[in-house]
Amino acid sequence: MTRIGWSSRRAVLAAGLTATLAPRIVLARSGIDRQYRILLDEDFLWLDKRGADRLIATARATGFNTIMPCVWHGRGVTWASELPRERYWEKNLDAGKDPLGYLVAAAHAAGLEVHPWFTVTLRQRDFFRAYWDDGTPKDSFDIHRPEFRAFITEVILEVVRRYPVDGVNLDYIRSRGVCTSPACREDYRRRTGENLLADAAITRLSEGARERIIAWNSAAMAALVEQISGAVRSARPGLPISISAHAGVEGFRIEGVDSIGWVNRQWVDWLLHMEYAKPADMRVGLMEGARAKLREPWRMIVIAGNYEKNPLDRDDVWSRDPALVAEAVRTGLGVNREGRGVALYSYRFLNREQQAALAPVLAKAGLEQQ
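As the structure is a computational prediction, the values presented were derived from the model and not from experiment. (Residues numbered from 1 in each chain as written. Predicted model: local features only at pLDDT ≥ 70, side-chain atom pairs only at ≥ 80, totals over all residues. Heavy atoms only, no water.)

Asker: Please clarify how the overall build of the protein should be interpreted in this entry.
Answerer: The helix and strand inventory of the protein stands at eleven helices and eleven strands. For a compact globule of 370 residues, the expected C-alpha radius of gyration is about 21 Å, and the protein comes in at 20 Å, within 12% of that figure. Principal-axis analysis of the C-alpha atoms places the extent of the protein at approximately 60 × 45 × 45 Å. Counting the 370 residues in the protein, one finds 57% classified as buried. (Helix = DSSP H or I, 4+ residues; strand = E, 2+ residues; numbered from the N terminus. Rg over C-alpha atoms; globule rule 2.2 N^0.38 Å. Buried < 20%, exposed > 50% of the residue type's maximum accessible area, 1.4 Å probe, protein only.)

In structure tokens:
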């Protein structure tokens, strides 16, 4: 997700695992008749039973049918594992031995789907140096290392194999910059015949240099997305995979992002487009343009925002006016006019007033889809 400024409160971690590239499996047409009304939680507010029960009750009362809890934020795990724990799990004295296990079981008992959310390339801890180096984009893993691609695939598979989750969400699915480590410079020279540092210095002036870096990052990202997709489909055929991205935004191409292409290649089921602005500023033209490039336009679902932030202070964030949140969700539903759903970011800001404003909007959407 595009972060709001409390990034120090989120995270995740990992341990050295290896995996072979899973065979490519053509994506099953997952969730075609499903309407997703998704509530995202990036703040690990569900790690203890009381928090998990509150998230589930809030989602149900508001009219959501799917929760998308962040389970990996580049700092540690939130499930029973031999991998290092997420630090908010370590700090939460009320958390049990398997927070994700409890959440999935309780959500299913309440009739909700659970789609765990992974921040794929984000690294918020100084660890696993085999997967990054000096010169790797800040707070990131190196997408050009097959070892990292194998590692993060295994992290995701651990959840997919261990829990009856209903889907998987991939976030931070981009290079997060241009890697200039010695290993990246050598890889670039071997693949393109050019000097990476020289090309990186002139990307704003040279279309050729820019396109070479785009192609280089895109190849690594495509390998990562295809590997995760193939491995997940091999473990759980038909399990829906979603990706969170800014669909059609030119600026992310240099980071290897091709979210529309990944959906069209059937590596990903759902493109969750992040559109957090106030209703008057939502980029409807951009979203319609992205839909036009999708072979199945209904596979794009809008994530609307329910918060405001101070442009001068990243930590000054508050809940948006309920009427504006309801209008943003209606706009998102209007973009996906086939009725496949909408999502809301973020649970942290979903107060009672917003719930009251959203409940009739989501109820109407559910009735219209039936």
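Asker: Looking at this model, I keep getting lost on the packing of helix H4 (residues 146-162) against helix H7 (residues 207-235). Mind explaining?
Answerer: Each pair of packed helices gets described by two things: the angle between the helix axes and the distance between those axes. Running from N to C, H4 and H7 point in directions that differ by 30°, and their axes come no closer than 10 Å. As the angle between them shows, H4 and H7 are arranged roughly parallel. Between H4 and H7 lies a crossing whose hand is right-handed. Along its contact with H4, which presents Phe148, Arg149, Ala150, Ile152, Thr153, Ile156, Leu157, Val160 and Arg161, the element H7 presents Ala220, Ala223, Leu224, Gln227, Ile228, Ala231, Val232 and Ala235. (Axes fitted to C-alpha atoms, helices over the stretch in contact; angles between N-to-C directions. Parallel < 35°, antiparallel > 145°, perpendicular 65-115°, else oblique. Left-handed = near helix turned anticlockwise from the far one by under 90°. Contact = heavy atoms within 4.5 Å.)

Asker: How do you make sense of the packing of aromatic side chains when you look at a structure like this?
Answerer: Under the defined criterion, the tally for this structure stands at 20 aromatic pairs. Judged by centre distance (4.5 Å) and plane angle (55°), the ring pair of Phe127 and Phe128 falls under tilted. Overall, the relative accessible area of 9% leaves Phe127 in the buried class. Ring plane angle 85° and centroid distance 6.1 Å describe the contact between Tyr307 and Tyr345, whose orientation is recorded as edge-to-face. In this pair, Tyr307 is assigned in strand S9 (residues 307-310) and Tyr345 in strand S11 (residues 341-345), connecting sequence segments 38 residues apart. Taken as a pair, Tyr307 and Tyr345 share a single burial class, namely buried. Feature note: the residues Trp72, Phe127, Phe128, Tyr131, Phe141, Phe148 and Phe151 constitute an aromatic cluster, connected by ring pairs. Directly above the aromatic system of Trp89 lies the positively charged group of Arg85, at a separation of 3.8 Å from the ring centroid. It is Arg123 that lies over the ring of Trp132; its NZ or CZ is 3.5 Å from the centre. (Phe/Tyr/Trp six-rings, centres within 6.5 Å; stacked < 30°, edge-to-face > 60°. Lys NZ or Arg CZ within 6 Å of the ring centre and 35° of its normal.)

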